[in-house]
Number of protein chains: 2
Amino acid sequence: MNLRNANLESMALKWDGECLWVLDQTQLPDEEIWLDGSEPRTMAGLIHRLSVRGAPLIGVAAALSYAWALGSNAGDAALEADWRFLREARPTAVNLAWAMDRMKQVQEYRGREAARDEALAIFHEDVALCEAMSAHGLTLFDGSEAVLTHCNSGGLATVGVGTALGLIRRAWEAGKVSHVFVDETRPLLQGGRLTAWELGRLGIPHTLITDSMAAILMREGRIQRVLLGADRIAMNGDFANKVGTYGVAVQAHFHGVPFHTVAPWSTVDTHCPSGKDIPIEHRDAKEVRGFGSLRWAPVQSEAFNPSFDVTPVSLLTSIVLDRGVFTREQLEAGALQGCCVA
Amino acid sequence: MNLRNANLESMALKWDGECLWVLDQTQLPDEEIWLDGSEPRTMAGLIHRLSVRGAPLIGVAAALSYAWALGSNAGDAALEADWRFLREARPTAVNLAWAMDRMKQVQEYRGREAARDEALAIFHEDVALCEAMSAHGLTLFDGSEAVLTHCNSGGLATVGVGTALGLIRRAWEAGKVSHVFVDETRPLLQGGRLTAWELGRLGIPHTLITDSMAAILMREGRIQRVLLGADRIAMNGDFANKVGTYGVAVQAHFHGVPFHTVAPWSTVDTHCPSGKDIPIEHRDAKEVRGFGSLRWAPVQSEAFNPSFDVTPVSLLTSIVLDRGVFTREQLEAGALQGCCVA
């Protein structure tokens, strides 16, 4: 299996043996535009401006872009700069650093060609990880449930079926999910733009809501479970995810609705003891004053715009990883540390 | 005091003795466009499409528009139709029905001219009610606090300083409020468009947030109090307000942040025993799929779009009315019933 004669295709990424193509997610749901993201600085820019987003997809895309550079005639210094550009394109996404560190290690110990093929392995592992998370997560369901999700954690966020949305898809196929409520996920509206598009394309019944409406649906007993992704998981089970996740966790706790995050093991940051240690990226205030080129709030108004928030383990029912389901009790007893030692 | 030689002016409504002008709130914050809302069917349309919004302002504007019609040479049948159009322009706004019923009663018992002057009285009473609410509400504050508000309940929602935002303004002037966090209030963004504009115009320091960010700020101890309006208050203290209010109430309860609604007595619906009896208007799904002419979600996606939600009295710290502050305990003991009998 080597990268040069591989042909890779996922919902948002394609490798044709020569070039790496990515779906410009900022143009969904109305336009499906594929961009050439082969060149590392281009890819770093695409990641930064969210054309490529979703923690696992970012890791795979960056690894493949670096693999493309490894196949060029770039010198060591240029490659080192490319590597750093990619690794630093998005500070909160731990998968990105993880994938890039892995590429570098293989390059140093086994050479450029081996590192190129490592990117291929990372791609296939991501597909398999999604299936493993779904298989573990399917055990959570009692009957057919209506679920809530936030942001996008599906085939647009990974190169497989997805994390939380991948589980929802597999659960829907198995008759265990009947309906999906989709938080629009302000300010960048990944739920309204991406998750609604993805569910529509898959034919899964769904209802779009503003982030402020989830509480009412929970109160009315119309949501039986919350499933959403994670951008970084600390060793004590606290986790960072798209802004608004913490609010959903509080609502689920208050209304007695089970609340789960679904993520690959690479999201667990072994250097991060608790949520307090997760750095939070703050983005431009203009994202809160409007959307895209439309501004509806006064240009003078200050805005608060953290990209992520941290949900404490105390509000979780469980974390679904590709290594299995970890309940709050297990997490609080240090289950993730145990897993690392093993 | 009579309407023909009166000259009325508030932040969003003007009467020049001949015509009734209203600020088109759908065009804020960038454009200040005043529309002639004299004619009742025009006014009903402006209320329906939210150019005129805010429960107390709707009541005053409808009364003045009906007063304008009473001053025309319209026959009884035409007037009756105008009256009904105005009264039914917005089903959840109890102030509207209250103001229109009051106009009708005066017309029937004391004639057209008296009813015209009644509209003038309704205007001046609204100004005085705002000051009374503020005076009672000021007793809530301990020191200088950062507060959170939702939607718009200020000088754009009344003809005085406002209900909740009027209290915030008076408290800021008294050194009791240091900063205002403003929920943008999806889907129609009254917080981002109107409250941020109004606070900017008044020079009150504020920060705009998406509705999903309030929880984080509460967790960080950066919000000391929540103050927001009400569209209808049931006799047991449950109340309806702009969608998202219930979610804020749950967040405030979880984080131990005092939560108050501020409203005039006319918001209390004596025919409504509890929140279960408040009808909830559902609006077009397209408001959730985008904003204004911009759509970002797939046109095929279903959406849930209640205009209001109901917050149970159990999540309230107190209701601030022009008649005084009613604590949760007093409300649960039937204080509003007692007030009606008196």
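Residues numbered from 1 in each chain as written. Chains lettered and ligands numbered in written order. Predicted model: local features only at pLDDT ≥ 70, side-chain atom pairs only at ≥ 80, totals over all residues. Heavy atoms only, no water.

**Looking at the packing of aromatic side chains**
Thinking step 1. Under the defined criterion, the tally for this structure stands at 5 aromatic pairs over all chains.
Thinking step 2. The interplanar angle of 65 degrees and the centroid separation of 5.3 Å between the aromatic rings of F291 of chain A and W296 of chain B together place this pair among those described as edge-to-face. In this pair, F291 of chain A is assigned in strand β12 (residues 290-291) and W296 of chain B in the loop between β13 (294-295) and β14 (302-303), connecting two distinct chains. W296 of chain B carries the same exposure label as F291 of chain A, and that label is buried.
Thinking step 3. Here W296 of chain A and W296 of chain B contribute two aromatic rings whose centre-to-centre distance is 6.5 Å and whose plane-to-plane angle is 45 degrees, an arrangement assigned as tilted. One end of the pair, W296 of chain A, is in the loop between β13 (294-295) and β14 (302-303); the other, W296 of chain B, is in the loop between β13 and β14, on a second chain.
Thinking step 4. You can call W296 of chain B buried: its relative accessible area is 2%.
Thinking step 5. Within the aromatic cluster, the residues linked to one another by ring pairs are F291 and W296 of chain A together with F291 and W296 of chain B.
Thinking step 6. The side chain of R219 of chain A reaches across the aromatic face of Y246 of chain B, ending 5.1 Å from its centre. (Phe/Tyr/Trp six-rings, centres within 6.5 Å; stacked < 30°, edge-to-face > 60°. Helix = DSSP H or I, 4+ residues; strand = E, 2+ residues; numbered from the N terminus. Buried < 20%, exposed > 50% of the residue type's maximum accessible area, 1.4 Å probe, protein only. Lys NZ or Arg CZ within 6 Å of the ring centre and 35° of its normal.)

**Focus on the sheet that holds strand β5 (residues 145-149) of chain A**
The strands that make up a sheet are held in pairs by hydrogen bonds between backbone atoms, and each pair lies either parallel or antiparallel.
Thinking step 1. What the 8 strands build is an open sheet, ordered β17(A)-β16(A)-β11(A)-β8(A)-β5(A)-β6(A)-β7(A)-β14(B); its pairing is mixed. Two strands close off the open sheet at either side, each with one partner strand: β17 (324-327) of chain A together with β14 of chain B.
Thinking step 2. For strand β8 (residues 225-228) of chain A and strand β11 (residues 259-262) of chain A, the ladder comprises 3 bridges, and the chain directions are parallel. Note that in β11 of chain A the partner of L227 of chain A across the bridge is H260 of chain A.
Thinking step 3. Along the sheet face, helix α7 (residues 190-202) of chain A touches β5, β6 (177-183) and β7 (206-209) of chain A and points at about 160 degrees away from the line of β6 of chain A. (Pairing = 2+ DSSP bridges. Contact = heavy atoms within 4.5 Å. Axes fitted to C-alpha atoms, helices over the stretch in contact; angles between N-to-C directions.)

**Focus on the pairing of β8 of chain A**
All names here are of chain A.
Thinking step 1. Burial of β8 is two-sided: the residues R225 and L227 facing one way and the residues V226 and L228 facing the other way are all buried.
Thinking step 2. In the sheet, β5 pairs with β8 via 2 bridges, with the strands oriented parallel. Bridged to L148 within β8 is V226.

**With respect to the pattern of salt bridges**
Thinking step 1. Applying the stated rule across the entire model yields 44 salt bridges over all chains.
Thinking step 2. Between R283 of chain A and E281 of chain A there is a salt bridge, and its shortest N-O distance comes to 3.5 Å. Residue R283 of chain A shares its accessibility class with E281 of chain A, and that shared class is buried.
Thinking step 3. Where R169 of chain B meets E173 of chain B, a salt bridge forms, and the shortest distance between an N and an O atom there is 3.3 Å. Here E173 of chain B and R169 of chain B lie together in helix α6 (residues 164-173), a separation of 4 residues that amounts to about one turn. (Salt bridge = Lys/Arg side-chain N within 4 Å of Asp/Glu carboxyl O.)

**Here's the deal with the relation of the copies chain B and chain A**
One copy of the chain maps onto the other through a rotation about an axis followed by a shift along the same axis.
Thinking step 1. Expressed as a screw transformation, the operator carrying chain B onto chain A has a rotation angle of 180 degrees and an axial translation of 0.0 Å, and the superposed copies differ by an RMSD of 0.0 Å. Interpreted geometrically, this transformation is the action of a two-fold axis.
Thinking step 2. When the interface residues of chain B are mapped onto chain A, 100% of them again lie at the interface, so the same face is used by both copies. (Least-squares fit on C-alpha atoms with pLDDT ≥ 70 in both.)

**Focus on helix α4 (residues 94-110) of chain A**
Residues and elements named next belong to chain A.
Thinking step 1. With 17 residues, α4 ought to run about 24 Å at 1.5 Å a step, and its terminal C-alpha atoms sit 24 Å apart, in line with that.
Thinking step 2. Against α2 (55-70), α3 (76-87), α5 (112-137) and β9 (232-233) lie the buried residues of α4.
Thinking step 3. Just beyond α4, the residue with positive phi is G111, at close to 95 degrees. (Expected span 1.5 Å × (residues − 1).)

**Describing the confidence of the model for chain A**
Thinking step 1. This prediction gives chain A a mean pLDDT of 95; 99% of its residues lie at or above 70.
Thinking step 2. Here the predicted complex carries an ipTM of 0.90, next to a pTM of 0.91. (pLDDT = per-residue confidence, 0-100.)

**Describing the interface of chain B and chain A**
Thinking step 1. Listed by partner, the interface residues are 51 residues for chain B and 51 residues for chain A.
Thinking step 2. Regarding the contact of chain B and chain A, the summed buried area is about 4200 Å², with carbon and sulfur atoms giving 67% of it.
Thinking step 3. For the salt bridge of R186 of chain B with E184 of chain A, the shortest nitrogen-to-oxygen distance reads 2.7 Å.
Thinking step 4. Where chain B meets chain A, there are 18 residue pairs in polar contact (both at pLDDT 80 or more).
Thinking step 5. At the level of elements, α7 (190-202), β7 (206-209), α8 (214-219), α9 (245-255), α10 (286-289), β13, β14 and β15 (308-311) of chain B are the ones that each hand at least two residues to the side of chain B that touches chain A.
Thinking step 6. Here the side of chain B that touches chain A gets 7 residues from one element, more than from any other, and that element is α9 of chain B.
Thinking step 7. Here 2 bridges tie β14 of chain A to β7 of chain B, and the two strands are oriented parallel to one another. Bridge pairing in β7 of chain B links E302 of chain A to T207 of chain B. (Buried area = accessible area lost by both parts, 1.4 Å probe. Polar contact = N/O pair within 3.5 Å; in protein donor to acceptor, adjacent residues only side chain to side chain.)

**A word on the sheet that holds β15 of chain B**
Residues and elements named next belong to chain B.
Thinking step 1. Taken together, 3 strands build an open sheet; the order of strands is β9-β10-β15 and the sheet is antiparallel. Sheet topology places β9 (232-233) and β15 at the edges, where each strand pairs with a single neighbour.
Thinking step 2. Of the pairings in the sheet, the one linking strand β10 (residues 239-242) to β15 comprises 4 bridges and is antiparallel in character. Of the residues in β15, the one forming a bridge with N241 is D309.
Thinking step 3. Packed onto the sheet, α9 meets β10 and β15 and runs at close to 35 degrees relative to β15.

**Side note on unusual backbone geometry**
All names here are of chain B.
Thinking step 1. Look at the link from L28 to P29: it is a cis peptide, with omega at 0 degrees.
Thinking step 2. Along the polypeptide, P29 turns up in the loop between β3 (20-23) and β4 (34-36).
Thinking step 3. Omega for the peptide link from R186 to P187 comes to 5 degrees, which places this bond in the cis form.
Thinking step 4. When you line up the elements, P187 lands in the loop between β6 (177-183) and α7.
Thinking step 5. Located in the positive-phi region is T185, a residue other than glycine, with phi close to 70 degrees.
Thinking step 6. Looking at the element boundaries, T185 is found in the loop between β6 and α7.
Thinking step 7. On the accessibility criterion, T185 (0% relative accessible area) is buried.

**Some details on the packing of helix α2 (residues 55-70) of chain B against helix α5 (residues 112-137) of chain B**
Residues and elements named next belong to chain B.
Thinking step 1. Where α2 meets α5, the axes come as close as 9 Å, and the angle between the chain directions of the two elements is 160 degrees. Accordingly, the angle class assigned to the pair α2 and α5 is roughly antiparallel. For the pair α2 and α5, the crossing hand works out as left-handed. In contact with P56, V60, A63, L64, A67, W68 and L70 of α2, α5 contributes R112, A115, R116, A119, I122, F123 and D126.
Thinking step 2. Tallied by class, residues from the contact of α2 with α5 come to 11 nonpolar, no polar and 3 charged. (Parallel < 35°, antiparallel > 145°, perpendicular 65-115°, else oblique. Left-handed = near helix turned anticlockwise from the far one by under 90°. Nonpolar A, V, L, I, M, F, W, Y, C, P; charged D, E, K, R; others polar.)

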